[in-house]
Every structure is written in C-alpha cells, then in structure tokens.
Amino acid sequence: MTGQAPAIILGIETSCDETAAAIVVRDQFGHSTIRSNVVRSQLDEHAAFGGVVPELAARAHVTYLDHIIAQACREADITLTDVDAIAATAGPGLIGGVLVGLTTAKALAAALNKPLLAINHLEAHALTARMTDQVAFPYPMLLVSGGHSQFVLVRGVGDYQRWGTAIDDALGEAFDKIAKLLALGHPGGPAVEAIAKKGDPKRFKFPRPLLREARLDFSFSGLKTAVYLQAEALAPLSDTDVADIAASFQATVAEIVSVRARQALDRFKAELPKAAPQLVVAGGVAANRAIAAALATVCEQADATLIMPPIALCTDNGAMVAWAGAERFAMGVRDRLDVTARPRWPLDLPNMQVGASEEARHEP
Ligand code: KG4
Ligand code: ZN
C-alpha cells in the first residue's frame, strides 16, 4: 500500500512464555525496518515443571514487560512519544499473560494519546513473511507452534480461510510431550531434534493418523500414544533406544507435514491458478531442520517457493506483533480502549472483530 507516511509501531507480545517488545517501522511502500526486537524467554521460570505454568508466566510478564519495552525503545533510539501506534497481542493464548500485555498497551495508549491495535497472535505469525520477504497475497501458510498446527489461506490483512487444523495436540506440543517422556527436558522440540541426529529414523514404524484422509487436518495424539507404548515396551530405555525413538518420531512427523503441505499446495494451485505458487511456514517448529528440509523438497517437487522467515521471527516475538499492527494501522484500523483479551480467537472470524459477540468467540 502506498500513500502513507512511515509509521513507527511498538509491538508487545505476552501470550505464552516469551515477554517481548519491538519497534518496527513500515514505510509507505510496505517495507519494514526492525529497529529493535527484545525477547525474554521464561525458560528458567518453568524448567522445574516440564511445561509452561500459566500463573508463573503471567507474573513474569508483569515483572519484566516494562523493562523490555524500555529496552526496545532504547535499542531503537526512540522514546515512547515517537511511536505512532501501540500494538499488543489480544489473544489467543494464556489469558493471564495476554491481559498483562494488552492492559499495558492500553495504559500506554491512554497516557500517550496514541492509537491502540489489538492483534491476533496467529495473524502476527501469518503476516511475518510480508515483513521479512514482502510476500504478496494470497498465500497458503503452515503454522506449526506449541499451541497451533494449521493451514491457513492468507488472502489479505484480516482475510483468512482456515483449511485445516490439529484436532488434538499441536505439533510443538507433541514434541514437548515426547521430550518429557524421554526425559529430555523443556522445551522439547530442540532436545528431540538434537538426540534424533544420533538415532535410526527407520527403527520404529509409527502410525500416521488421518493421513489416508484427504482433509488438511492433523492428529498427533495417536502417534504420541504409539510412541509412549513403544517406550513402555522397551523400558528401561538405553541411550540408543531414546535416540531411535526420537529419530523415528521426527521422521514420522516430517512425513505427515510433507504430505499435508503437498495437498495444501495442490489445493492452492487448483483454487487460485493465477497466484504464484508459494508456501509460507511460521511457528517455532519451523526451527526443526528435518521438517524444514522435508518442506523444501515438497516445494521443489511442486514448483513452489518456500518462504520461511528467520527462526527468531518464526518463534514468538514482538516484531511480528508490531508488523501486524503496522499493516492494520496503514489500512486505517484503530481499536477501542475497551477491547477484550481473548483466550480463544480463531483466525478466520469475519473481519477479526475483537469486540464480537460472545457466541462468535468460540472456535467452531
Ligand atoms: O512459536 P513458538 O515459539 O511458541 C508458540 O507456541 O507460539 O513455538 C514453540 C514450540 C515448542 O513446542 C517447541 O518445542 C517447538 O516450538 N520447537 C521445536 C523446535 N524448536 C522449537 N519443535 C521441533 N524442533 C525444533 N527444533
Ligand atoms: Zn506463537
């Protein structure tokens, strides 16, 4: 979009276990400059519990968010009065954390008399590739994170069609649970990937739930149960057993994701024959090299371009929230100070109305 002056946006992200703030500038040609992107992960707070504890996450956001925002401004060499708008994740996510970020954003907006933008966290992931690679609409996106595994057709800002989703565990969650089972620590994805390098991916043949069905949904809980049963049957596990289970699990999910990605690309080409074939990938699981390599192969075979933003922008961060805010700001969107935080907020609700009716707030 052209015609607007460059906008300086503060982005705030607190929906899970990262306290994050960033300053992003979007110019009149839609180009971005990330002036700062400060992320504080709460790994230490949750380490002893083997997963994110919502109450502890919210408290840590309260403790650190002010400092993280101040640091983001310092690193960008601006003061808060210089920003044109304040964007914060308003959902979906852990409600205590979302409330901390959104309430802070509201307070800043009110005190500084700046516009507020209440951002859907999934939209922030969905638009990141436009910040990093200026990807043009429409494009299919695969979001694979700790909380979500879904294919979404991104038609425009605020215009999404969900093509498929995880009907049980998200992919990152499955990695985290397998890591817990194998006593590899939290977060599980990187730990499973590291140990899988030493293992035999062909030793165990795990099930690939739903894969025979044409729909673009995922199901990982049956696979997870099969892994649990295999581990139980072999217990006590040797180091080799652990590595082989991790490698076989990872190879199975890489295959599942590849098959689905191919289906999504075929659907994209069939429904939007004039659009450039491309696949955008977002979310923390994109950090997995085996999955990334499998997706690269699929895209090559399908003659499509694979767009994967740098990992630091695929995992939760403030820059993606600032960018989603910048895109909405450029379209003239402004949110009211009484917008509500929403623990559930599917991406494909019409117009992404934050103040929508209670019935519409529940995922279909
Ligand atoms: O996007 P993200 O940072 O946070 C949200 O869930 O929104 O994703 C975190 C998830 C965790 O479940 C983590 O285990 C997974 O991404 N993950 C990985 C890898 N790195 C992070 N999964 C597999 N392989 C990895 N290398
Ligand atoms: Zn996320």
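Structure: see above.
Here's a quick rundown of the structure. Source: prediction; values computed, not measured.

Cut-offs and rules
- One numbering rule holds for all chains: residues counted from 1, following each sequence as written.
- Going through the entries in the order they are written, you letter the chains from A and number the ligands from 1.
- The model is predicted, so local features are restricted to residues of pLDDT at least 70 and side-chain atom pairs to those at 80 or more, both for listing and for counting; the totals for chains, interfaces and linings are taken over all residues.
- Just so you know, side-chain values use all the structure's heavy atoms and leave hydrogens and water out.
- What counts as a helix is a DSSP run of H or I of at least four residues, what counts as a strand is a run of E of at least two, and both are numbered from the N terminus.
- Note on exposure labels: buried denotes an accessible area under 20% of the residue type's maximum, exposed denotes more than 50%, and partly exposed covers the range between, all computed with a 1.4 Å probe on protein chains only.
- Throughout this description, a polar contact denotes any pair of N or O atoms lying within 3.5 Å of each other; where both atoms belong to protein, one of them has to be capable of donating a hydrogen while the other can accept it, and for residues adjacent in sequence the pair is counted only when both atoms sit in side chains.
- Only N, O and S atoms count as donors, using a 2.8 Å limit from the metal and a wider 3.2 Å limit for Na, K and Ca, and since water is excluded some coordination spheres may look unfilled.
- Angle rules define the geometry names used: all angles between 85 and 135 degrees makes four donors tetrahedral, while opposite donors over 155 degrees apart and all other angles between 65 and 115 make four donors square planar and six octahedral, leaving every other case irregular.
- Criterion used throughout: strands pair if DSSP finds at least two bridges between them.
- Axes, fitted as lines to C-alpha atoms, cover a helix only where it is in contact. Angles between the N-to-C directions of the axes lie from 0 to 180 degrees.
- Throughout, a disulfide means two cysteine sulfur atoms within 2.5 Å of one another.
- One heavy atom within 4 Å of a molecule or strand is enough for the residue carrying it to be called near that molecule or strand.
- Residue burial considers only the protein chains on display, and all accessible areas are found by Shrake-Rupley using a 1.4 Å probe.
- Ring geometry is summarised as follows: Phe, Tyr and Trp rings, the Trp one being its six-membered ring, pair when their centres sit within 6.5 Å, and such pairs are stacked at plane angles under 30 degrees, edge-to-face over 60 and tilted between the two.
- In this analysis the charged atom, NZ for Lys or CZ for Arg, is taken to sit over a ring once it is within 6 Å of the ring centre and within 35 degrees of the ring normal.

### Section: the environment of aspartate 338
Thought 1: By secondary structure assignment, the location of aspartate 338 is in the segment after helix 11 (318-330).
Thought 2: You can call aspartate 338 partly exposed: its relative accessible area is 48%.
Thought 3: Of the polar contacts made by the side chain of aspartate 338, one reaches the side chain of arginine 336; its length is 2.5 Å.

### So, the coordination of the zinc ion (ligand 2)
Thought 1: Protein coordination at the zinc ion (ligand 2): the donors are His121 (NE2), His125 (NE2) and Asp316 (OD), at 2.1 Å from the metal.
Thought 2: Taken together, the four donor atoms coordinating the zinc ion (ligand 2) span angles of 91 to 146° at the metal, a pattern that classifies the geometry as irregular.

### Looking at the sheet that holds strand 7 (residues 149-156)
Thought 1: Spatially, five strands are ordered 8-7-6-9-10 in an open sheet, and the strand pairing comes out mixed. At either margin of the open sheet sits one strand with a lone partner, and together these are strand 8 (159-165) and strand 10 (305-307). Within this sheet the neighbouring strands show an average axis-to-axis angle of 25°, counted without direction.
Thought 2: In this structure, strand 9 (residues 278-282) lies alongside strand 10, joined through three bridges in parallel fashion. Across the sheet, the residue bridging to valine 280 is isoleucine 307, located in strand 10.

### Some words on the state of the cysteines
Thought 1: Scanning the entire structure with this criterion turns up zero disulfides.
Thought 2: Distance from the sulfur of cysteine 299, which forms no disulfide, to the nearest cysteine sulfur (cysteine 314) is 14 Å.
Thought 3: On the accessibility criterion, cysteine 299 (2% relative accessible area) is buried.

### Some details on the site of ligand 1
Thought 1: Around ligand 1 sit 19 residues, and of these Gly146, Asp176, Gly189, Glu193 and Gly284 come closest.
Thought 2: Backbone polar atom of glycine 147 to an oxygen atom of ligand 1: 3.4 Å apart, as the coordinates give it.
Thought 3: If ligand 1 stood free it would expose 560 Å²; the protein chains cover 88% of that surface.
Thought 4: Broken down by element, the residue count for the shell around ligand 1 peaks at four residues, all from helix 6 (residues 188-196).

### Observations regarding the packing of aromatic side chains
Thought 1: Under the defined criterion, the tally for this structure stands at five aromatic pairs.
Thought 2: A ring pair is formed by phenylalanine 137 and tyrosine 139, whose centres lie 5.9 Å apart and whose planes are at 10°; its orientation type is stacked.
Thought 3: Classification of tyrosine 139 as buried rests on a relative accessible area of 0%.
Thought 4: Each ring, one from phenylalanine 175 and one from phenylalanine 249, has its centre 5.1 Å from the other, and the planes form 80°; the classification is edge-to-face. Of the two residues, phenylalanine 175 is situated in helix 5 (residues 171-181) and phenylalanine 249 in helix 8 (residues 239-271); the sequence distance between them amounts to 74 residues.
Thought 5: In this structure an aromatic cluster arises from ring pairing among Phe151, Phe218 and Phe220.
Thought 6: For arginine 40, the ring lying beneath its charged end belongs to tyrosine 64, and the centroid distance is 3.7 Å.

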